[in-house]
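Descriptive structure summary
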Amino acid sequence: MPNTFVQSTDDVVKFLKDQHNLIKDLFEEVFSASSTEAREKAFVDLRQLLAVHETAEEMVVHPRARSVVAHGDEIVDARLQEEHAAKQQLSDLESMDIDSKEFLAELAKFRDAVVDHAEHEEHEEFDKLQRKLDSDDLERMAKAVQAAEAIAPTRPHPGVESAKLNFAVGPFASMLDRARDLIGAAVR
């Protein structure tokens, strides 16, 4: 799993924005990899970070945004639709030949969608949360996001985009994903 540590852990908005930057960097690592092994490692790191990051947002951030941000339901529902599509795209990428031109073309489309999604989150959800919540709330949420990421699945699971489903299905999916990751790392 990639190092998801970011500088700011006392403000959930800063923490998540820093992770968005890390995700962008990981996309570039996949594209610029000089060998199949390097590309595969960078892609696995990207996949894992995206999976835990989105799960934590779905479990912690989106429910809070629904309750405190004006038009929160509308904003969050749009983000959840994007997250569902992204999980499906990521699942599709996992089944492709990582050295193929098709993989790189689809990865470029996926990157563009992820960056667009991150910008929507930052401007329509995170910035509004930051204005509504005090520093103690932002710090508590950062800790909750980190806890959620520590136990989150490391692979995409399209159809599991709500906090309720993540709490119900997430621990089992996480256990299976992490076992698959260990086995996959051992046979590489």
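All of these numbers come straight from a predicted model, not from anything done at the bench.

What follows is about the packing of aromatic side chains. Going through the model one piece at a time under the given rule, you end up with two aromatic pairs. A ring pair is formed by Phe43 and Phe103, whose centres lie 5.3 Å apart and whose planes are at 80 degrees; its orientation type is edge-to-face. On the criterion of sequence distance, the pair formed by Phe43 in helix H2 (residues 36–68) and Phe103 in helix H4 (residues 101–132) is long-range, its members being 60 residues apart.

Time to look at the confidence of the model for the protein. Looking at the protein, the pLDDT average stands at 86 and 79% of residues meet or exceed 70. No element of the protein has a lower mean pLDDT than helix H6 (residues 163–187), which averages 56, and none a higher one than H4, which averages 97.

Looking now at the pattern of salt bridges. Counting across every chain of the model gives 16 salt bridges. Linking Asp99 and Arg39 is a salt bridge whose minimum nitrogen-to-oxygen distance equals 3.8 Å. Here Asp99 is found in the loop between helix H3 (72–94) and H4, whereas its partner Arg39 is found in helix H2, with 60 residues between them in sequence. Under the relative-accessibility criterion, Asp99 is labelled partly exposed at 40%. We classify Arg39 as buried; its relative accessible area is 10%. Put simply, Glu28, Arg111 and Asp112 are held in one network by salt bridges that share partners.

The rules behind the values
- Residues numbered from 1 in each chain as written.
- Predicted model: local features only at pLDDT ≥ 70, side-chain atom pairs only at ≥ 80, totals over all residues.
- Heavy atoms only, no water.
- Phe/Tyr/Trp six-rings, centres within 6.5 Å; stacked < 30°, edge-to-face > 60°.
- Helix = DSSP H or I, 4+ residues; strand = E, 2+ residues; numbered from the N terminus.
- pLDDT = per-residue confidence, 0-100.
- Salt bridge = Lys/Arg side-chain N within 4 Å of Asp/Glu carboxyl O.
- Buried < 20%, exposed > 50% of the residue type's maximum accessible area, 1.4 Å probe, protein only.

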